[in-house]
Amino acid sequence: MDNNTIYHFVGIKGSGMSALAMILHDQGYRVQGSDIEQYTFTQRDLEKAGVKIMPFAAENIHAGLTIVAGNSFPDTHPEIQAAKALDLKVLRYPDLLGELLAGHTSIGVAGAHGKTSTTGLLAHVLGGIAPTSFLVGDGTGKGIKNSQFFVFEADEYRRHFLAQAPDYMIMTNIDFDHPDYYHGIDDVFDAFQTEANQVKKGIFAWGDDPELRKLKANVPVYYYGTSNRDDFQARNILRTVNGSEFDVYYHDENLGHYVIHLFGEHNVLNSLAVIAVSHMEKIPHAEVARELLTFQGVKRRFSERKMADMTIIDDYAHHPSEIKATLDAARQKYPDKKIIAVFQPHTFSRTIAYMDDFAKSLSLADVVYLTEIFSSAREHDGKVSSADLGAKISKGGTVLHLNNMSALLEYHNDVVVFMGAGDVQKYEKAYEALLSDSSLKNN
């Protein structure tokens, strides 16, 4: 790392990029960046910290900068081309993250789903006990000089996580995702196996995942879950409308009773992974239990608000497994209310690959609505539509449009869960505006 340069982030508003920029800023390095002018939730922390954000332009690039390029931007991007013409150092996001791990006890969190929630939980728990730097995929990052721990979300897309070789790695699952890059489950497994070979001290893997059970590593692999064959087990699980509680065993050793104010079976497993890491680092169990009690979640993961007589939940879920987990959590917290799902399919390739699985997971809701498919920078159209998915859904499947969300006004004293990784929040805002107008008229 260089104190004599300014780190210029190309695509600074990206969730990982904004978090990485905040870490460097916190550690005393000079940071600036560029991105689209449209407002995104990640820029709030950057602006509060006084980090300069500019619109994309080749003119932003000059001598004295070190370029940090986001994964979405090719070498043909005008700013990266300008940097190369000036012979400036250009780093890719995964490589800079890999460099930052040195000098810490580093713990990565990888998996097709559950990365962000688990990383946020681990950062919260360790951060309440010892100095901890962290990078979470919801755009949250904090750098502490000479911190004991460095917790980070490891991204398997395009094998980006192979640029990092942490001390420990939590692996929440291996599932086929990113069909625009991976060829199938064997290709995904190969990426995780390669990363496992780079871990220095230990791997914590979910025991019910058949792919994770195949891992071979040069370090111990500790499995966590709820069965007798797991090394770390959650037993006597009690799930209520207030959260969950359970006992934890490491083989036959009782590590204590834990309570979390989080919902869904996946959050029990995420907590168990955090407890397992903490145990191996000899952190007192009582301190871990204390910190687990106060975790409130991460951005865009089961974020709740009340409006009129409705509960509105916002969640990033965009894969069938994530949809299942989110609806399971909603059902746990609101067992007596109708659960209405509003799902925005994310990319045409994913919608085609998981058509039947989406229909099955969404059936856990009482009623299902869809929005049009959110395309990505990598694909702008495809041979599938939301109506095709809707036709496979037994509990609704109507496609909503931004200018007509009135179908949702039929529901009262119920729960609406908006899910998606694109811009589903604009549909939330449209619904909230209708709900607000309706409430004013009724009053």
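Placed above this text is the structure.
Residues numbered from 1 in each chain as written. Predicted model: local features only at pLDDT ≥ 70, side-chain atom pairs only at ≥ 80, totals over all residues. Heavy atoms only, no water.

Describing the nonpolar core
Among the nonpolar cores identified, the biggest contains 43 residues, and F9, L20, L24, L97, L135 and M171 are the most heavily contacted of them. Elements represented by at least two residues in this core include exactly β1 (6–10), α1 (15–26), α4 (93–100), β9 (149–153), β10 (168–171), α6 (185–196) and β11 (202–206). Apart from the residues lying within four places of it in its own chain, the contact partners of M171 are A110, F192, E195, A196, I203, F204, A205, W206, L212, L215 and Y224. Ranked by size, the runner-up nonpolar core spans 40 residues in total, among them Y222, F232, V268 and L292. (Core = buried A, V, L, I, M, F, W, Y, C linked by side-chain atoms within 4.5 Å. Buried < 20%, exposed > 50% of the residue type's maximum accessible area, 1.4 Å probe, protein only. Helix = DSSP H or I, 4+ residues; strand = E, 2+ residues; numbered from the N terminus. Contact = heavy atoms within 4.5 Å.)

Describing the sheet that holds strand β6 (residues 105–110)
Strands in a sheet are paired, the pairing made by backbone hydrogen bonds, and the direction either parallel or antiparallel. Ordered by their spatial adjacency, 10 strands build an open sheet running β8-β7-β9-β6-β10-β11-β12-β13-β14-β15, and the pairing between neighbours is mixed. With one partner strand each, in any of the chains shown, β8 (140–142) and β15 (253–260) form the two edges of the open sheet. Direction aside, the axes of adjacent strands within the sheet are offset by 15° on average. Relative to strand β13 (residues 232–240), strand β12 (residues 221–225) runs parallel, the two sharing two bridges. Looking at the pairing, Y224 lines up with F232 of β13. (Pairing = 2+ DSSP bridges. Axes fitted to C-alpha atoms, helices over the stretch in contact; angles between N-to-C directions.)

Considering the packing of helix α7 (residues 265–280) against helix α8 (residues 285–293)
How two helices sit against one another is set out by the angle between their axes and by the gap between those axes. Remark: α7 packs on α8, axes separated minimally by 10 Å, with the N-to-C direction vectors making an angle of 150°. Classified by the interaxial angle, the pair formed by α7 and α8 is roughly antiparallel. For the crossing formed where α7 meets α8, the hand is right-handed. Contacts between α7 and α8 involve S271, I275, S278 and H279 from the former and H285, V288 and L292 from the latter. (Parallel < 35°, antiparallel > 145°, perpendicular 65-115°, else oblique. Left-handed = near helix turned anticlockwise from the far one by under 90°.)

Quick word on the pairing of strand β4 (residues 65–69)
Most of β4 sits inside the fold, with five of its five residues counted as buried. Side chains L65, I67 and A69 project from β4 onto one buried face, and the interleaved T66 and V68 project onto a second face that is buried too. Sheet topology note: the β1/β4 ladder contains five bridges and is parallel. In the sheet register, Y7 faces β4, and the bridge partner there is T66. Across three bridges, β4 lies against strand β5 (residues 90–92) in parallel orientation. Across the sheet, I67 pairs through a bridge with V90, a residue of β5.

Some thoughts on the pattern of salt bridges
Two side chains bearing opposite charge may form a pair once their charged atoms approach each other closely. Tallied over the full model, the rule gives 15 salt bridges. For K115, the salt bridge goes to E156, with nearest N and O atoms at 3.2 Å. Remark: E156 occurs in the loop between β9 and β10 and K115 occurs in helix α5 (residues 115–127); sequence separation between them is 41 residues. Each member of the pair K115 and E156 is classed as buried. The residue D230 makes a salt bridge to R213 at a minimum N-O spacing of 2.8 Å. Of this pair, D230 sits in the loop between β12 and β13 while R213 sits in the loop between β11 and β12, and the two are 17 residues apart along the sequence. A single salt-bridge network, built from bridges that share partners, covers R159, D187 and D190. (Salt bridge = Lys/Arg side-chain N within 4 Å of Asp/Glu carboxyl O.)

A word on α5
For α5, which comprises 13 residues, the first-to-last C-alpha distance of 17 Å matches the rise-based estimate of 18 Å (1.5 Å per residue) to within 8%. Counting buried positions along α5 yields 11 of 13 residues, so the element is predominantly enclosed. Of the residues making up α5, those classed as buried are K115, T116, S117, T118, T119, G120, L121, L122, A123, V125 and L126. The inward-facing, buried residues of α5 contact β6, β7 (132–136), β9, β10, α7 and α8. (Expected span 1.5 Å × (residues − 1).)

Examining the packing of aromatic side chains
Summed over the entire model, instances satisfying the criterion amount to 18 aromatic pairs. For the pair Y354 and F358, a centre-to-centre distance of 6.0 Å together with 80° between the ring planes defines the contact as edge-to-face. One exposure class covers both Y354 and F358, and it is buried. Feature note: the residues Y168, F204, Y222, F232 and Y250 constitute an aromatic cluster, connected by ring pairs. A cation over an aromatic ring shows up here: R213 above the ring of Y223, its NZ or CZ 3.9 Å from the ring centre. For R235, the ring lying beneath its charged end belongs to Y249, and the centroid distance is 3.9 Å. (Phe/Tyr/Trp six-rings, centres within 6.5 Å; stacked < 30°, edge-to-face > 60°. Lys NZ or Arg CZ within 6 Å of the ring centre and 35° of its normal.)

A look at the environment of G28
Mapping G28 onto the fold places it in the loop between α1 and β2 (30–35). G28 sits in the partly exposed class, given a relative accessible area of 49%. With 78 residues separating them along the chain, G28 and S106 place their C-alpha atoms 20 Å apart.

Focus on the pairing of β13
Where β13 and strand β14 (residues 243–250) come together, seven bridges link them in antiparallel fashion. Bridge pairing in β14 links Q233 to Y249. Between β13 and β14, which pair antiparallel in sequence order, lie two residues.

Regarding the sheet that holds strand β16 (residues 303–307)
The mixed open sheet is built from six strands, whose spatial order is β16-β17-β21-β18-β19-β20. Only two strands of the sheet have a single partner each, and these edge strands are β16 and β20 (396–399). The average angle at which neighbouring strand axes cross in this sheet is 20°, direction not considered. Here three bridges tie strand β19 (residues 367–370) to β20, and the two strands are oriented parallel to one another.

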